[in-house]
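Chain residues, written in single-letter form:
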Amino acid sequence: MPSTAKRLRFFTESVIREMTRVANTYDAINLSQGFPDADPPPEVLAAAQKAMADGPHQYAVTWGAPGFRDALIRKQRRWMGLDLDADAHVVVTCGSTEAMMTAMMTACNPGDKVIIFSPFYENYGADTILSGAEPIYVPLRPPDFDFDPDELRAAFLQKPKALVLCNPSNPSGKVFTIGELEIIADLAKEYDAFVITDEVYEHIVYPPHRHHYIAALPEMFERTISCSSLSKTYNMTGWRLGYVIASEAVIAGARKVHDFLTVGAAAPLQEAAVTALDLPLDYYDRLTADYIRKRDLFLSYLDDAGLAYTQPQGAYYVMVDCSEFGVTDDIAFCRWMAKTVGVAAVPGSSFFHEPVNHLVRLHFSRAEPILTEAGERLKRLKPLLHSHSVTG
Ligand SMILES: Cc1ncc(COP(=O)(O)O)c(C=O)c1O
């Protein structure tokens with residue numbers, strides 16, 4: 001029998017989705033795979049029913065239905081503060097996942113180097129391998145997840161083609177300050193590299209932190225490939241709607257890659273999502289308020305449970321430090337926790353390039369009663385740890 005491609009050896013199946021299977025095995029509350037419990041807004045669901053009844057049902061324009069692109073650009077002009085053109089500057093993709101893959105394949109030749117901050121969202125490792133690029137990891141050091149500008153410059157000295165910027169960041173919850181973005185932007189300009197962003201959490205940011213788009217910094221639009229999606233902002237991770245926003249020259253390439261990867265995102269869902277993109281500003285205020293409530297509720301339980309964590313600035317994840325329990329094998333610890341405490345988390349090591357084994361990631365985009373139950377269970381973690389072995 002012929003063997004499968006060698007590139008498959010260099011990455012594993014998703015650890016996050018594996019932890020969902022572990023959660024199901026032990027009937028644990030799943031705080032591992034991060035998708036919202038909430039549904040899309042009712043008016044968006046009504047628009048989806050109408051689109052299913054009335055169409056369109058055939059292929060849309062491959063780089064995005066014109067109505068969707070117009071609505072997206074109306075919205076993003078407001079948030080990004082850029083004079084974007086719906087015909088020249090956007091490709092609609094199947095989620096940010098495809099947007100990132102499209103961006104990587106558009107920007108990189110095989111053998112090119114790409115800077116990735118570690119910890120990182122697991123797709124970026126696979127994206128670099130599948131596009132033939134080679135990652136250079138720059139640490140974001142816990143607990144604050146800051147980077148050392150000298151380490152970043154040393155990475156740029158290796159002449160990377162691009163840097164991947166997840167902002168707000170999964171898993172760390174970091175929101176890059178304008179000062180940090182300026183350091184990255186200056187290095188990208190000095191060393192002539194692209195910045196490929198993943199901004200799926202752009203609307204989940206906890207004040208006083210603010211999301212800044214690196215594409216909007218001076219002279220950065222031409223070298224930034226901005227990727228994002230509707231998944232998290234409108235509770236529609238299953239709709240698979242995302243996009244790349246970039247200069248006309250980059251978009252010309254990205255359209256080709258996207259066309260041959262997926263042809264296009266679902267036509268009736270693009271039609272329905274126009275209603276989401278046209279939601280008034282107070283929708284985003286309510287989204288923030290909801291997440292502040294969930295975050296405060298969940299963190300109060302972590303405080304009661306006596307667990308150390310890094311306060312998230314954005315997104316809906318919290319990294320909990322388990323070193324005081326003597327945890328050195330976070331994978332065994334997460335299995336034990338799912339089985340014995342009834343809460344499933346993701347082992348932190350799956351996000352780090354460096355050997356970091358004392359952190360676990362929990363997400364709090366679940367409904368409040370579920371977060372409350374998970375919090376109650378986590379309060380039993382310390383006493384249970386004293387009477388069980390971690391792998392027991
Ligand atoms: C940082 C980050 N990027 C991308 C995705 C996937 O986004 P999409 O549903 O748009 O493909 C996720 C999902 O958890 C994520 O956390």
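Okay, so let's go over this structure. (Residues numbered from 1 in each chain as written. Predicted model: local features only at pLDDT ≥ 70, side-chain atom pairs only at ≥ 80, totals over all residues. Heavy atoms only, no water.)

Our next topic: the overall build of the protein. For the protein, the helix and strand inventory stands at 13 helices and 13 strands. Rg of the C-alpha trace for the protein: 21 Å, near the compact-globule value of 21 Å for 392 residues, within the 12% margin. Taking the principal axes of its C-alpha atoms as reference, the protein extends roughly 60 × 55 × 55 Å. A buried classification covers 56% of the 392 residues belonging to the protein. Contacts spanning at least 24 positions in sequence make up 76% of the contacts within the protein whose residues lie at least 6 apart. Just so you have it, the protein exposes about 16,500 Å², and 53% of that area is on carbon and sulfur atoms. (Helix = DSSP H or I, 4+ residues; strand = E, 2+ residues; numbered from the N terminus. Rg over C-alpha atoms; globule rule 2.2 N^0.38 Å. Buried < 20%, exposed > 50% of the residue type's maximum accessible area, 1.4 Å probe, protein only. Contact = heavy atoms within 4.5 Å. Areas by Shrake-Rupley, 256 points an atom, 1.4 Å probe, with all protein chains shown as cover.)

What follows deals with the sheet that holds strand S8 (residues 242-245). Across the sheet, 7 strands lie side by side as S2-S8-S7-S6-S5-S3-S4; this open sheet has mixed pairing. In this open sheet, the two edge strands, each paired with only one partner strand, are strand S2 (90-93) and strand S4 (134-139). Neighbour to neighbour, the strand axes of the sheet diverge by 20 degrees on average, direction disregarded. Across the sheet, helix H8 (residues 248-262) touches S2, strand S6 (194-198), strand S7 (224-229) and S8, and the angle it forms with S2 is around 25 degrees. (Pairing = 2+ DSSP bridges. Axes fitted to C-alpha atoms, helices over the stretch in contact; angles between N-to-C directions.)

In this section: helix H1 (residues 15-26). Between its first and last C-alpha atoms H1 spans 17 Å; for 12 residues at 1.5 Å apiece the expected length is 16 Å, and the two agree. Those residues of H1 lying buried are Ile16, Met19, Thr20, Val22 and Ala23. The buried residues of H1 occupy one face: seen down the axis, they fall within an arc of 160 degrees. The exposed residues of H1 that point more than 90 degrees off its buried face are Asn24 and Thr25. (Expected span 1.5 Å × (residues − 1). Arc of directions from axis to C-beta.)

Of all residues adjacent to the ligand, which total 15 residues, the nearest are Ser96, Thr97, Asp198, Tyr201 and Lys232. The side chain of Asp198 places a nitrogen or oxygen atom 2.6 Å from a nitrogen atom of the ligand. One of the side-chain N or O atoms of Tyr201 is found 2.6 Å from an oxygen atom in the ligand. Taken by itself the ligand offers 400 Å² of open surface, and the protein chains cover 93% of this. In terms of residue count, the dominant contributor to the shell around the ligand is helix H4 (residues 95-107) (3 residues). Taken together, the residues of the shell around the ligand break down into 6 nonpolar, 6 polar and 3 charged. (Near = heavy atom within 4 Å. Polar contact = N/O pair within 3.5 Å; in protein donor to acceptor, adjacent residues only side chain to side chain. Nonpolar A, V, L, I, M, F, W, Y, C, P; charged D, E, K, R; others polar.)

In this section: the pairing of strand S13 (residues 359-363). S13 sits mainly inside the fold: 5 of its 5 residues count as buried. Of the two faces of S13, both are covered, the one formed by Leu359, Arg361 and His363 as well as the one formed by Val360 and Leu362. As judged from the 5 bridges shared by strand S10 (residues 317-321) and S13, these two strands associate in the antiparallel manner. When the bridges of S13 are listed, Val320 appears paired with Val360.

Let's shift gears to the pattern of salt bridges. Enumeration over the complete set of coordinates arrives at 18 salt bridges. Linking Asp37 and Arg366 is a salt bridge whose minimum nitrogen-to-oxygen distance equals 2.9 Å. Pair noted here: Asp37 is in the loop between strand S1 (29-30) and helix H2 (42-54) and Arg366 is in the loop between S13 and helix H12 (368-379), with a separation of 329 residues, a long-range link. Assessed through its relative accessible area of 16%, Arg366 is described here as buried. The residue Asp112 makes a salt bridge to Lys161 at a minimum N-O spacing of 3.9 Å. Of the two residues, Asp112 is situated in the loop between H4 and strand S3 (113-118) and Lys161 in the loop between helix H6 (149-156) and strand S5 (162-166); the sequence distance between them amounts to 49 residues. Look at Lys161 and you get partly exposed, because its relative accessible area is 26%. Each of Asp146, Lys174 and Glu180 takes part in a single network of salt bridges with overlapping partners. (Salt bridge = Lys/Arg side-chain N within 4 Å of Asp/Glu carboxyl O.)

What follows is about the side chain of His363. Structurally, the position occupied by His363 is in strand S13. Take His363: its relative accessible area is 0%, and that puts it in the buried class. For His363, the residues in contact, after removing those within four places along its chain, are Asn30, Leu31, Ser32, Gln33, Gly34, Phe35, Tyr316, Tyr317 and Leu371.

With respect to topology, 4 strands assemble into an open sheet ordered S9-S10-S13-S12, the strand pairing being antiparallel. With partners counted over all chains shown, the strands left at the sheet margins are strand S9 (308-309) and strand S12 (346-347), one partner each. Contacts between helix H10 (residues 281-304) and the sheet are confined to S9, S10 and S13, with S10 contributing the most and set at about 5 degrees to the helix.

Turning next to the pairing of S4. Pairing between S3 and S4: 6 bridges, direction parallel. Its bridge partner being in S4, Ile115 is matched across the sheet by Ile136. Once you follow S3 into helix H5 (residues 123-130) and on to S4, the crossover reads as right-handed. (Right-handed = clockwise from strand over helix to strand, strands pointing away.)

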